[in-house]
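Structure assessment
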Amino acid sequence: MTHDPRRPFGRLLTAMVTPFRADHSLDVEGAQRLAEYLVDEQGNDGLVISGTTGEAPTTSDREKETLLRAVVEAVGDRARIVAGVGTNDTAHTVELARSAEKAGAHAVLVVTPYYSKPPQAGLLAHFTRVAEATALPSMLYDIPHRTGVPIETETLLRLADHPNIVAVKDAKGDIAATSAVTAHGGLAVYSGEDKLTLPLLAVGAVGVVGTPTHVIGRETKAMIEAYEAGDHAGALALHHRLLPVFTGFFRAQGVTMVKAALTVRGLPSGPVRPPQADATPAQIEQMRADCVAAGIEL
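Residues numbered from 1 in each chain as written. Predicted model: local features only at pLDDT ≥ 70, side-chain atom pairs only at ≥ 80, totals over all residues. Heavy atoms only, no water.

Applied cut-off: UniProt positions are given in the numbering used here, feature names are shortened, and annotations may be inferred rather than shown by experiment.
The chain is annotated in an unreviewed UniProt entry as 4-hydroxy-tetrahydrodipicolinate synthase of Actinocatenispora rupis. Looking at the Subcellular location (unreviewed entry) heading of the UniProt record, one finds this comment for the chain: "Cytoplasm". The UniProt entry for the chain carries the following comment under Pathway (unreviewed entry): "Amino-acid biosynthesis; L-lysine biosynthesis via DAP pathway; (S)-tetrahydrodipicolinate from L-aspartate: step 3/4."

If you want it as structure tokens, here you go:
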């Protein structure tokens, strides 16, 4: 794997779903096959394991470690494997980060502590402590509409000075705030919202951590590469073409629609664990229509 400091995890990463068997047990072999498909067929430079799309809230610490080890074994020689370790408990997050390092992860993704809405000083201390717990690089995850609190720009810029904090997955939906971060230059910004990838590239982002990229990885990567090559009209055409999928996969929870799409394709996915709910027949038909509108065959 080549390493570009400007984009430490490449251009395209997918927040991989966690395949389960019909009885909701972990499908380790299925996870390895899915990881190989995402890297070898969908063109992913990296995978995020045990993010929200990976149903991390419903998997045990032992399952997370088992899953991570399996994916590292399958594709760790040709993709950056980023372990989702974020919780709303700093001590637990540190434990998960250390476990991920031992399991072979190349980096960790650390979401803003959710629900408890800590102050910015608390966020600064939390992210710093996690970053110092291992030798792994950290990608922060700023998604205030889920966590209840943003990582303010000033906090991000202070965290950017830490040698182990190298990137942020930006799902804030605030182009001006993102612009301030990219202007500083200390963090690689990855879009955390597929539909905003192109606009974020325009203000300095370097790639995406996607969800519908399970099935439109090649096309999304082509959009990013077109933009970087100066073919802005081509990138915009791809953005417009893919928009039905960028938005359609979030008519329900992303994991629900991705697992339905993977099932249609005959790929490992399985059911979602409660409290999520599997896609309804009507949702699956709408998903098919969204893919047809984008020229994607399932």
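Read on, since the account is not over.
**Notes on the nonpolar core**
Considering soluble globular proteins, one finds that nonpolar side chains tend to be buried as a cluster. For clarity, the cut-off: We call a set of buried residues a nonpolar core when its members are Ala, Val, Leu, Ile, Met, Phe, Trp, Tyr or Cys and they connect through side-chain atoms within 4.5 Å of each other. Using a 1.4 Å probe on the protein chains alone, a residue whose accessible area is under 20% of its type maximum counts as buried, one over 50% counts as exposed, and one in between counts as partly exposed. Whether two residues touch is decided by their heavy atoms; if any such pair falls within 4.5 Å, the residues are in contact.
Met16, Leu47, Leu68, Val71, Ile81 and Phe249 are the most contacted members of the largest nonpolar core, which has 78 residues in total. The residues contacting Leu47, other than those within four sequence positions of it, are Leu13, Thr14, Met16, Ala35, Leu38, Val39, Val71, Val75, Arg80, Ile81 and Val82. Among the nonpolar cores identified, the runner-up in size contains 17 residues, and Ala107, Ile143, Ala188 and Val206 belong to it.

**A few points about the pairing of strand S8 (residues 207-210)**
Applicable threshold: The way it works is that DSSP assigns letters per residue, a run of H or I at least four long becomes a helix, a run of E at least two long becomes a strand, and they are numbered from the N terminus. The pairing criterion is simple: DSSP has to find at least two bridges between the two strands. Looking down the strands as they point away from the viewer, one classifies a crossover as right-handed if the path from the first strand across the helix to the second runs clockwise.
Residue alternation in S8 divides its side chains into two sets, Gly207 and Val209 and Val208 and Gly210, and both sets are buried. Strand direction decides the pairing type here: strand S1 (residues 12-15) and S8, joined by three bridges, are parallel. Each bridged residue has a counterpart across the sheet, and for Thr14 the counterpart in S8 is Gly210. Bridge count between strand S7 (residues 188-191) and S8: two bridges; the pairing is parallel. Bridge pairing in S8 links Ser191 to Val208. With helix H8 (residues 197-202) bridging S7 and the parallel S8, this β-α-β connection has right-handed handedness.

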